[in-house]
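This is what each chain is made of:
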Amino acid sequence: MTRPARLAALGAALSLSTLVSGCGFLGIGGEEPGDIQVYSARHYDLEDAFVEFEEETGLSVDFIYGDDTELLERLKAEGDETPADLFVTVDAGNLSNAADQGELAPVDSEALRGAIPEAYRDSQDRWFGLALRARTVAYNPDNVDPAELDTEDTYAGLTDPTWRGRLCMRDSTEAYTQSLIASLIDLHGREATLEIVEGWLANEVEIMSNDILLLEALDAGTCDVALVNHYYYARELEEKPDMNVELFWASQDGAGTHVNISGAGVVRSSDAPAKAQRLLEWLATDGQEAFVGGNHEYPVNPDVAPDDVVAQFGEFEAMPLDAEAYGSLNAEAVDLLAEAGYE
Amino acid sequence: MTHLAVRRGRLDLRPRRVAASGRAAWSLLVLLVAVLVTAPVLAVVVDGLVRSEELLLPRDLDSMVVTTILLMLGVGAGTLVVGGGLAWLVTAYRFPLRNVLVWLLVLPLAMPAYILGFVFLSTFDASGPVQGLARELFGQGVWSPDVRSLPGAVLVMSLSLYPYVYLMARAALVEQSRTTYDAARTLGASRGRAFRKVLVPLARPSLAAGLALVMMETLTDFATVQYFGVKTVSVGVYLVWKGSFNFSSASQMSVLVLMFAVAVLAGERLLRGRARYHQRGGRGQGLEALALHGWRGWAATGACVLALAAGFFVPVLRLVWWAAGEALADPAGFVDPRFGGYLANSLGVATLAALGCVLVSLAMSHAVRLGGGRVVRSAAQLTTFGYAVPGAVIGIGVLLAFAWLDRALERLGVPGGTGLLVTGSVAGILYAYLVRFLAPAYQAVDASFAKVQPSMTLSAMSLGAGPLRVLTRVHLPLVRPGVAVALVLVAIDAIKELPIVLLLRPFGFTTVSVWVYQLAGENFWEKAAFPALVIVAAAVVPVFLLFRQVRAADERAGR
């Protein structure tokens, strides 16, 4: 083939593939949308849960996974035309914020009220917690005697000089860190929380950008104590049963371990609110195992048992969760971390 | 015969009479593109001014600004040394494996920063295998560098971004007429002096263009800097945004990032200077490469391999290692059945984006060349801003702009307004890509245009060719190298791109990068390794195509 002919052939092939894929993209000849459309900042095996839901109810679910705050902006920008029926997201502050910005509609459901403890749903019924995660202490048992850990306020106890050079934690850009600090501000006030963070820094806390890295560092012995989400520990433990890391439930003689929720609410301008409510109710009851199981989270529904890996961690007392405070104090938490110089 | 360094601020020989009517349409086109491309960015700025009640800037803003400047300067210097040095090495010398290395050296482009950053950290930080081995060999007290730091980030970003400078610099060196250099040599200049006094000044516009791209990438990066704990102003945008769960509060921070972008573009203009370098006689022949023998040759090979290993092969091996582990553990579930569809989506959008950006760039460069004056030239420059704005911010800007348009149309009585145009189809993604990736396309095409003698355009037009004919028959064949580079850069960028797709995709539209993000976001790195490798492989294809073309051109030119 001559050169121009080859170029022409390449061009023709390109345009053809472009045309075909273009039609697909633009929804020409695309599939019918599902009965319920979900925007979700969560994805762990969410798909399996939705398949199960469809098998049980005959209602099909489409979902888009995205970043929590970005999906909220999308919801706001789409306004009345949004295809979304249900908004699923992580972090109580985020849920409370979506409700405050008027994006979620109240749902009057006896089933939801019966399934979810009051502490984990909105007082105005606009959002409902579905899964629970704890952020607590993990340690390397070779280097740490758990008796050394403060049982009344474990987070504040890590400011003790005995922990100098032995701490590892997540960075300040991480929502887990921010929400923990927001809850501490709620609990102790700003001044005392600032002192706690400064105390961690005085102990030369090593900051890492990933919970798995924290656990690996503990396992390798380069850190003695770290703050991690319980489900990362569960996951690592499942993969590496001989991992030399133990979990410690923080502040059990005090305010309890810091927890946060994933949850959902029906979108204000949903065109299928009844179906969305049905999915929400299912997720809070029969679908709990499917919703939390893949990620080793705790079901919010007290009638549903946590999975086997998590069950062996035992019961723990959770710090009371104030979603509005998480929402309103999060920006202050970011500011506090910056003031303390916590990277 | 080469026309060396024609120095002038503007084309004073513009064919004013020849094609006044045709020119106006082309100028208008540039203005239209500028409006289209700046609209989402403007939407963000306006939204910030209108909606946020108080000034919400992070407390450590000054340190963020300093960090950003240091990072940009560091990465700029790093890429200039690595990219520029390697480009010089492969064009001026012949050494073992040069012909292969010439194109392999672009490969780090195929590695998304969010993958490279993580792979680097997990390999080299305290609990990683390298330091672990060091501890086993030398005991616990062995020196351990702080990888998660500003220097660490500079190193990693320089290694992943140097191909921008390399590509531009190489194109500049290859397109240069040999005669210029030969003239300097016959006049008694040493090889080094001819390099400094003739080649570098002639390559300056291209180097500046490459550096500008690198700096803008550095400015908008979020993934790598976050892994390395480097708080830049872009991290500030995310911190304010996510920290308050509301984008409006982060608009002012976005404006600050825009100011950095302005500074980068102004810097690029400054570097290019008022000089316009043109060479007569179409595309140059390039330098004659000097053969390096013995250890010198192998040292040159070694330098190239080292850069490649650090920026490409080591991370790829690490990914392969993870992927292999995953494949052995679960051979049946290793490849998700929907993966083919995701890949088709990635390639489809990338192709559309590359074609679109390059067509628009060509039209703009052409219009500027036809002589639209200061306004048109500024408008064309304005369209490159998008590259310096973080993808998520552009995504929000597109959403905002269309939300306004939708409401305006509804108020005018159009039922349903724009409907769900942006997020109901890939139109929104493609639009955002145009905004974001027009810069690399335009820089590459324009750099090639800069080397086309104005007299070429003039003669064609005075011979009666209309603007379109000049474009297709004169300009396009001359700037083909720039077009090829532009296609490749946009395609690779688009395959790797994440935040825009994540935000604007319609239901059922998943790309490979979204898939990687879903897995990596939850630290399923072993599971993410295979799709990550596929992204890398997909990005390697355009690189390979580009260099086949380049090599063919080299052979025709007898190099």
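In what follows, the structure referred to is the one given above.
What counts, and at which threshold
Residues numbered from 1 in each chain as written. Chains lettered and ligands numbered in written order. Predicted model: local features only at pLDDT ≥ 70, side-chain atom pairs only at ≥ 80, totals over all residues. Heavy atoms only, no water. Helix = DSSP H or I, 4+ residues; strand = E, 2+ residues; numbered from the N terminus. Contact = heavy atoms within 4.5 Å. Areas by Shrake-Rupley, 256 points an atom, 1.4 Å probe, with all protein chains shown as cover. Lys, Arg positive; Asp, Glu negative; His and termini not counted. Charge placed at Lys NZ, Arg CZ, Asp CG, Glu CD. Buried < 20%, exposed > 50% of the residue type's maximum accessible area, 1.4 Å probe, protein only. Buried area = accessible area lost by both parts, 1.4 Å probe. Salt bridge = Lys/Arg side-chain N within 4 Å of Asp/Glu carboxyl O. Axes fitted to C-alpha atoms, helices over the stretch in contact; angles between N-to-C directions. Parallel < 35°, antiparallel > 145°, perpendicular 65-115°, else oblique. Left-handed = near helix turned anticlockwise from the far one by under 90°. Expected span 1.5 Å × (residues − 1). Bend = angle between axes of the 7 residues up to and from the residue. Polar contact = N/O pair within 3.5 Å; in protein donor to acceptor, adjacent residues only side chain to side chain. Core = buried A, V, L, I, M, F, W, Y, C linked by side-chain atoms within 4.5 Å. Patch = residues over 30% accessible without salt bridge, like charges linked within 9 Å, V, L, I, M, F, W, Y side chains within 5 Å. Pairing = 2+ DSSP bridges. Disulfide = S-S within 2.5 Å.

Colleague: Got a minute to help me understand the overall build of chain A in this structure?
Modeller: Scanning chain A from N- to C-terminus turns up 14 helices and eleven strands. Reported as C-alpha extents along the three principal axes, the dimensions of chain A are approximately 70 × 65 × 40 Å. Put simply, of all contacts in chain A between residues at least 6 apart along the chain, 77% involve residues at least 24 apart. Accessible surface computed for chain A: about 12,900 Å², of which carbon and sulfur atoms make up 48%. One way to put it: in chain A the 19 positive side-chain charges average out to a point 8 Å from where the 68 negative ones average out.

Colleague: How should I be thinking about the overall build of chain B in this particular structure?
Modeller: Counting its regular elements, chain B contains 23 helices and two strands. Counting all 559 residues of chain B, 61% fall into the buried class. Put simply, 85% of the contacts in chain B that link residues at least 6 apart link residues at least 24 apart. About 21,800 Å² of surface is accessible on chain B, with carbon and sulfur atoms providing 67% of the total.

Colleague: Please clarify how the interface of chain B and chain A should be interpreted in this entry.
Modeller: The accessible area lost on association of the parts is a frequent measure of interface size. Residue-level contacts link 64 residues of chain B with 63 residues of chain A. Summed over both sides, the interface of chain B with chain A buries roughly 5,300 Å², with 55% coming from carbon and sulfur. Between chain B and chain A we count five salt bridges in total. Note that Arg59(B) is salt-bridged to Asp335(A), the shortest N-O span being 2.8 Å.

Colleague: Help me understand the packing of helix H7 (residues 175-188) of chain A against helix H8 (residues 190-202) of chain A, please; the structure alone is not making it clear to me.
Modeller: Helix packing geometry: the angle between the two helix axes and the distance between the axes. Residues and elements named next belong to chain A. Put simply, H7 and H8 touch, their axes get as near as 7 Å, and they point 135° apart. By the angle between their axes, H7 is oblique relative to H8. Between H7 and H8 the crossing geometry is right-handed. Contacts between H7 and H8 involve Leu 180, Ile 181, Leu 184, Ile 185 and His 188 from the first element and Arg 190, Ala 192, Thr 193, Ile 196, Val 197 and Trp 200 from the second.

Colleague: How should I be thinking about helix H14 (residues 323-340) of chain A in this particular structure?
Modeller: Side chains of residues three or four places apart in an α-helix project in the same direction, reflecting 3.6 residues per turn. Residues and elements named next belong to chain A. Relative to the 26 Å expected for 18 residues at 1.5 Å per residue, H14 spans 24 Å between its end C-alpha atoms, a close match to the ideal helical length. The largest bend along H14 reaches roughly 45° and is located at Leu 329. Within the span of H14, buried status applies to Ala 323, Ala 325, Tyr 326, Gly 327, Leu 329, Asn 330, Ala 333, Val 334, Leu 336, Leu 337, Ala 338 and Ala 340. A side-chain oxygen of the first residue of H14 lies 3.2 Å from the backbone nitrogen of Glu 324; this N-cap is Asp 322. At the exit of H14 stands Gly 341, carrying a positive phi of roughly 85°.

Colleague: Before we go on, may I ask you to explain the nonpolar core in this structure?
Modeller: Buried together is how nonpolar side chains tend to be arranged in soluble globular proteins. Within the largest apolar cluster, 198 residues are counted, with the highest numbers of intra-cluster contacts made by Phe95(B), Tyr166(B), Phe228(B), Ile429(B), Tyr433(B) and Leu504(B). Take this core: its biggest share by element is 15 residues, from helix H13 (residues 339-370) of chain B. Val107(A), Leu213(A), Tyr231(A) and Ile261(A) belong to the second largest nonpolar core, which has 78 residues in total.

Colleague: Looking at this structure, I do not really get a negative patch on the surface. What am I missing?
Modeller: All names here are of chain A. Taken together, the side chains of Asp 45, Asp 48, Glu 52, Glu 54, Glu 55, Glu 56, Asp 286 and Glu 289 define an acidic patch exposed on the protein surface. Looking at the negative patch element by element, the count peaks at five residues for helix H2 (residues 46-57). Turning to its location among the elements, Glu 52 is positioned in helix H2. On the accessibility criterion, Glu 52 (31% relative accessible area) is partly exposed.

Colleague: Looking at this structure, I do not really get the pattern of salt bridges. What am I missing?
Modeller: If charged atoms from side chains of opposite charge come close, those side chains can pair. Residues and elements named next belong to chain A. Counted under the stated rule, the structure contains 27 salt bridges over all chains. Here Arg 268 ties to Asp 80 by a salt bridge, and the two come within 3.7 Å at their closest N and O atoms. Of this pair, Arg 268 sits in the loop between strand E10 (258-267) and helix H11 (273-284) while Asp 80 sits in the loop between helix H3 (68-78) and strand E3 (86-90), placing them 188 residues apart in sequence. Notably, a salt bridge pairs Glu 148 with Arg 166, separated by 3.8 Å at the nearest N-O pair. Here Glu 148 is found in the loop between strand E5 (128-139) and helix H6 (154-157), whereas its partner Arg 166 is found in the loop between H6 and strand E6 (167-170), with 18 residues between them in sequence. Residue Glu 148 is classed as partly exposed on the basis of its relative accessible area, which comes to 36%.

Colleague: Where do I start with the pairing of E5(A) in this structure?
Modeller: Every other side chain in a regular strand lies on the same face of the sheet, so the side chains alternate between the two faces. All names here are of chain A. Counting buried positions along E5 gives twelve out of twelve residues, so the element sits mostly inside the fold. Sheet topology places E5 next to strand E11 (residues 298-299); two bridges connect them, and they run antiparallel. Bridging across to E11, Leu 132 finds its partner in Tyr 298. Pairing of E5 with strand E8 (residues 225-229), which is carried by five bridges, proceeds in the antiparallel orientation. Paired with Arg 135 across the two strands is Asn 229, which belongs to E8. Across three bridges, the pairing between E5 and strand E9 (residues 246-248) is antiparallel. Following the sheet pairing, Ala 138 is matched in E9 by Leu 247.

Colleague: Looking at this model, I keep getting lost on the pairing of E8(A). Mind explaining?
Modeller: Residue and element names in this part refer to chain A. Across the five residues of E8, five count as buried, placing the element largely inside the fold. Alternating residues of E8 divide into Val 225, Leu 227 and Asn 229 and Ala 226 and Val 228, and every residue in both groups is buried. Of the strand pairs in this sheet, E6 and E8 are connected by two bridges, and their pairing is parallel. Opposite Leu 167, over in E8, you have Val 225 as the bridge partner.

Colleague: So what exactly am I meant to see when it comes to the state of the cysteines here?
Modeller: Such a bond, covalent and formed between the sulfur atoms of two cysteines, is termed a disulfide. Residue and element names in this part refer to chain A. All chains considered together, the criterion is met by one disulfide over all chains. Across a sulfur-sulfur distance of 1.6 Å, Cys 168 and Cys 223 are joined as a disulfide pair. Here the disulfide of Cys 168 and Cys 223 is left-handed, its torsion about the S-S bond being about -55°. Of the two residues, Cys 168 sits in strand E6 while Cys 223 sits in the loop between helix H9 (211-220) and E8, which places them 55 residues apart along the sequence. We note that Cys 168, like Cys 223, is buried.

Colleague: Honestly, the side chain of Arg148(B) in this entry has me stumped. Any pointers?
Modeller: Looking at the element boundaries, Arg148(B) is found in the loop between helix H5 (129-138) and helix H6 (150-175). Buried and without a salt bridge, Arg148(B) has Asp171(A) as its closest oppositely charged side chain, separated by 4.5 Å. In terms of polar contacts, Arg148(B) uses its side chain to reach the backbone carbonyl oxygen of Ile207(A), at 3.1 Å. Here the side chain of Arg148(B) touches Tyr227(B) through a polar contact of 3.1 Å, landing on its backbone oxygen.

Function cannot be read off these values alone, since they describe shape.
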